[in-house]
Amino acid sequence: MRSVLVLGGTGEARRLADLLTVRPDLRVVSSLAGRVREPRLPAGEVRVGGFGGPEGLAHWLRAERIDAVVDATHPFARTMTESAVRAAADAAIPLLVLRRPGWAAGPGDNWHWADSLAEAAGLLPSLGSRVFLTTGRKELAPFADLDLWFLSRSVDPPEAPLPRRLEVVLGRGPFTLDGELALLRQHRIDVLVTKDSGGSMTSAKLGAARDLGLPVLLLRRPPLPPGVATAPTPEAAAAWLRPGNGGG
Ligand code: NAP
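In this report, the structure presented in the accompanying data block is examined. Since the structure is predicted, the reported quantities are computational estimates derived from the model, not experimental observations.

This part covers empty space enclosed by the protein. Counting across every chain of the model gives three cavities of 30 Å³ or more. What the largest cavity holds in volume is close to 40 Å³. Taken together, Pro 75, Arg 78, Thr 81, Glu 82, Arg 99, Pro 222, Pro 223, Leu 224 and Pro 225 make up the lining of the largest cavity. A breakdown of the residues in the lining of the largest cavity according to their chemical character gives five nonpolar, one polar and three charged.

This paragraph deals with the packing of helix α5 (residues 177–186) against helix α6 (residues 204–212). Between α5 and α6, whose axes approach to 8 Å, the crossing angle comes to 55°. Comparing their axes, α6 and α5 come out oblique. For the crossing formed where α5 meets α6, the hand is right-handed. The residues of α6 that touch α5, namely those facing Leu 177, Glu 180, Leu 181, Leu 184 and Arg 185, are Ala 204, Lys 205, Gly 207, Ala 208, Ala 209, Asp 211 and Leu 212. For the contact of α5 with α6, a count of residues per class yields seven nonpolar, one polar and four charged.

Those residues of helix α1 (residues 11–21) that fall on the buried side of the exposure criterion are Glu 12, Ala 13, Leu 16, Ala 17 and Leu 20. Down the axis of α1, the sector holding all buried residues measures 140°, keeping them to one side. Elements that come into contact with the buried residues of α1 comprise β1 (2–7), β2 (26–32), β4 (68–71), β5 (95–98) and α7 (234–240).

Next up on the list: the nonpolar core. Within the largest apolar cluster, 18 residues are counted, with the highest numbers of intra-cluster contacts made by Leu 5, Leu 57, Trp 60, Leu 61, Ile 66, Val 69 and Ile 93. Looking at this core, the elements that each hand over two or more residues are β1, α2 (53–63), α3 (78–91) and β5. Filtering out sequence-adjacent residues up to four positions away, Ile 66 remains in contact with Ser 3, Val 4, Leu 5, Arg 27, Trp 60, Leu 61 and Ile 93.

The rules behind these values
In this numbering scheme, every chain counts its residues from 1 along its sequence in written order. For a predicted model such as this one, the threshold for reporting local features is a pLDDT of at least 70, and the threshold for listing and counting side-chain atom pairs is 80 or more; totals across whole chains, interfaces and linings nevertheless cover every residue. Side-chain measures were taken over the full set of non-hydrogen atoms in the model, leaving aside hydrogen atoms and water. Think of a 1 Å grid over the protein atoms and nothing else: a 1.4 Å probe that fits but is trapped marks a cavity, an open set flanked by protein within 12 Å on at least five of seven lines marks a pocket, and residues with an atom within 4 Å of a point count as lining. Grid points are joined across faces, edges and corners, and a volume is the space filled by probe spheres set on the points. Amino acid classes used here: Ala, Val, Leu, Ile, Met, Phe, Trp, Tyr, Cys and Pro are nonpolar; Asp, Glu, Lys and Arg are charged; the rest, including Gly, are polar. Each axis is a line fitted through C-alpha atoms, and for a helix only the stretch in contact is used; angles between axes span 0 to 180 degrees, taken between their N-to-C directions. Put simply, DSSP marks the helices as runs of H or I at least four residues long and the strands as runs of E at least two long, and each gets a number from the N terminus on. Throughout this description, any angle smaller than 35 degrees is read as roughly parallel, any larger than 145 degrees as roughly antiparallel, any in the 65 to 115 degree range as roughly perpendicular, and the remainder as oblique. Should the near helix be turned counterclockwise from the far one by less than a right angle, the crossing is left-handed, whereas a clockwise turn marks it as right-handed. Any pair of residues with heavy atoms lying within 4.5 Å of one another is described as a contacting pair. To sort residues, take the accessible area from a 1.4 Å probe on protein chains only and compare it with the maximum for the residue type: under 20% means buried, over 50% means exposed, and anything in between is partly exposed. Each direction from the helix axis to a C-beta atom contributes to the arc, which is the arc of those directions. For this analysis, a nonpolar core means a set of buried residues of the types Ala, Val, Leu, Ile, Met, Phe, Trp, Tyr and Cys, connected via side-chain atoms within 4.5 Å.

The following block contains the structure:
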């Protein structure tokens with residue numbers, strides 16, 4: 001039996017665990033960072049918490065006799081991905097990054113791009129004054145000094161430093177177009193800020209912004225480490241783990 005580590009914290013990681021845990025040829029361990037108070041747990045064996053950097057992860061991979069790693073973390077979990085790439089190389093086992101495609105603008109979209117939260121904060125006052133901020137609860141600090149009104153949404157309450165004029169709504173996708181339209185209208189939002197997370201769980205806000213003619217400020221994804229193998233879907237990642245393929 002081969003052992004696989006799935007680095008998780010996403011819907012795709014849970015879907016992959018569903019696909020892999022039914023296979024008799026595999027032992028599957030899913031790993032969560034432990035950031036969310038009540039996480040949605042993947043099927044099968046789960047461990048929680050950091051590994052202690054790339055060295056800690058390489059040590060863990062050897063101790064658990066792991067044969068392959070699938071990094072199915074969020075596209076913005078850059079540190080974990082870089083750590084996984086280094087640790088898998090160190091332990092001399094194959095690694096695949098499962099990365100859902102980013103979002104693409106369509107007719108009627110008014111999208112602006114930033115490479116960092118700081119750049120987004122610099123651009124924001126030129127785009128609107130009542131902001132719907134969905135970049136994550138640990139990432140409000142760069143916006144804290146702006147004299148704008150913010151509606152922030154995250155799974156758990158956001159962490160200080162926070163903007164002075166802030167209302168918080170807690171929520172976890174999937175979100176609907178009707179729900180997002182109602183939220184934007186209720187709070188008279190005139191600009192949306194989001195990471196380019198991709199996927200359908202949180203994309204309804206983009207359709208709502210388009211319908212209301214609002215600008216959207218998107219954070220560009222961090223680049224993947226050079227040369228890593230990638231798959232766009234859990235199904236493709238599961239195929240990579242078939243005997244004779246890259247991770248099988
Ligand atoms: P990050 O900045 O890339 O990682 C920071 C540290 O957290 C890592 O070095 C690692 O600690 C630990 N860690 C991260 N993911 C882990 C995992 N799946 N299992 C065990 N340890 C993990 O990560 P992040 O952006 O804070 O994201 C944390 C988790 O939330 C990830 O699982 C990610 O998939 C999920 N998530 C992130 C976002 C986002 O916008 N960033 C959105 C939705 C979900 P050690 O160095 O000690 O190993």
